[in-house]
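Structural overview for review
If you want the building blocks of each chain, they are given just below.
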Amino acid sequence: MEPDLRCYYHPESEATSQCDRCGDYLCDDCVIIHDNPHLCRTCWAEVAPSQREARHLKLLSTFFYIYAVLVAVGAISEASIWLRQLNMLAGIAGSREFDQMPFTEKIHIVRSMASRFLYRLFLVVGSIIAGRSIARRERWMFCILVAAFCCGSMPFGTALGVLTIVVLVRPSVKTVFEANELDRLRSESQSR
Ligand SMILES: [Zn+2]
Ligand SMILES: [Zn+2]
């Protein structure tokens, strides 16, 4: 640093470094980060929130992958119950017990099995895609939808869903997704 350079904020003090972001000369008191990069107060205030958000998004992405595994494991352990029910249905099909069962009840059994299965399947596949999308900052609306679906699955799904919505609706986070989406569209139209 040349000796006659003065701090941008304190003209009476000698500058000892320069902000790597805005280029202002800084005295020792004004450098917030001393390692690489050197940052002034103003730049730090602008960069710090986005770093925090990046950390939150990374955590969310990881949580979604973990959640997908949890739901899949839960579904596998539940599969034995489903198989038993199926077996029961198959076993009693044609028997008097089954014939006497009201039609709506038969439909109800099959429908509740199918809807639970489909819900699990959606949670697993949706969570994997959401985890990947959050890491790549894309499909904002899809991630919100998956989060909303997760909310119905106590307790981990609810926690993850609420957490995800809280982070994603932050204007700064939504902007990052939108900007990224625009960049992608632009590069796609250029490559065509
Ligand atoms: Zn700066
Ligand atoms: Zn200063």
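Residues numbered from 1 in each chain as written. Chains lettered and ligands numbered in written order. Predicted model: local features only at pLDDT ≥ 70, side-chain atom pairs only at ≥ 80, totals over all residues.

**A few points about the overall build of the chain**
- Within the chain, the secondary structure is distributed over six helices and two strands.
- Walking the chain from its N terminus toward its C terminus, one meets helices and strands in the order β-β-α-α-α-α-α-α.
- The C-alpha radius of gyration computed for the chain amounts to 28 Å, which surpasses the reference 16 Å derived for 192 residues by more than 25%, pointing to a less compact arrangement than a globule.
- Along the first, second and third principal axes, the C-alpha set of the chain runs to 100 × 40 × 20 Å.
- The 192 residues of the chain split such that 17% are buried.
- For the chain, the proportion of contacts with a sequence separation of at least 24, taken over those separated by at least 6, is 39%. (Helix = DSSP H or I, 4+ residues; strand = E, 2+ residues; numbered from the N terminus. Rg over C-alpha atoms; globule rule 2.2 N^0.38 Å. Buried ≥ 20, exposed ≤ 12 C-beta atoms within 10 Å, placed from the backbone. Contact = placed C-beta atoms within 7 Å.)

**Here's the deal with the domain arrangement of the chain**
- For the chain, the assigned domains read domain 1 (1-39) and domain 2 (50-191).
- When each unit is reduced to the centre of its C-alpha atoms, the spacing between domain 1 and domain 2 is 50 Å. (Domains from an automatic or database assignment.)

**Let's talk about helix H5 (residues 156-168)**
- Here H5 contains 13 residues, and its C-alpha end-to-end distance of 18 Å stays within 8% of the 18 Å for a straight helix at 1.5 Å per residue.
- Listed as buried for H5 are Leu-160, Gly-161, Thr-164 and Leu-168. When H5 is viewed along its axis, its buried side chains cluster within an angular range of 100 degrees and face the same direction. (Expected span 1.5 Å × (residues − 1). Arc of directions from axis to C-beta.)

**Quick word on the packing of helix H3 (residues 103-136) against helix H4 (residues 140-150)**
- Remark: H3 packs on H4, axes separated minimally by 9 Å, with the N-to-C direction vectors making an angle of 140 degrees. As the angle between them shows, H3 and H4 are arranged oblique. Both H3 and H4 take part in a crossing whose hand is left-handed. Only Phe-142, Cys-143, Val-146, Phe-149 and Cys-150 of H4 make contact with H3, whose side of the interface consists of Phe-122, Leu-123, Gly-126, Ser-127, Ile-129, Ala-130, Ser-133 and Ile-134.
- Considered class by class, the residues forming the contact of H3 with H4 number 10 nonpolar, three polar and no charged. (Axes fitted to C-alpha atoms, helices over the stretch in contact; angles between N-to-C directions. Parallel < 35°, antiparallel > 145°, perpendicular 65-115°, else oblique. Left-handed = near helix turned anticlockwise from the far one by under 90°. Nonpolar A, V, L, I, M, F, W, Y, C, P; charged D, E, K, R; others polar.)

**Let's talk about helix H6 (residues 171-191)**
- With 21 residues, H6 should reach 30 Å at 1.5 Å per residue; the first-to-last C-alpha distance of 30 Å fits that figure.
- Among the 21 residues that make up H6, two are buried, leaving the element largely open to the surroundings.

**Observations regarding the environment of Ala-159**
- Tracing the backbone shows Ala-159 in helix H5.
- Judged by local crowding, Ala-159 falls into the partly exposed class, with 15 C-beta atoms found within 10 Å.
- Sequence-wise, Ala-159 and Ala-147 are 12 residues apart; in three dimensions their C-alpha atoms are separated by 9.5 Å.

**Brief notes about unusual backbone geometry**
- Along the chain, Met-154 connects to Pro-155 via a cis peptide bond; the corresponding omega equals -10 degrees.
- Residue position: Pro-155 is located in the loop between H4 and H5.
- Here Arg-137, not a glycine, exhibits a phi torsion of approximately 55 degrees, which is positive.
- Locating Arg-137 in the fold gives a position in the loop between H3 and H4.
- On the basis of neighbour counts, which here come to 20 C-beta atoms within 10 Å, the residue Arg-137 falls in the buried class.
- A positive phi angle, near 55 degrees, is found at Arg-139, a position not held by glycine.

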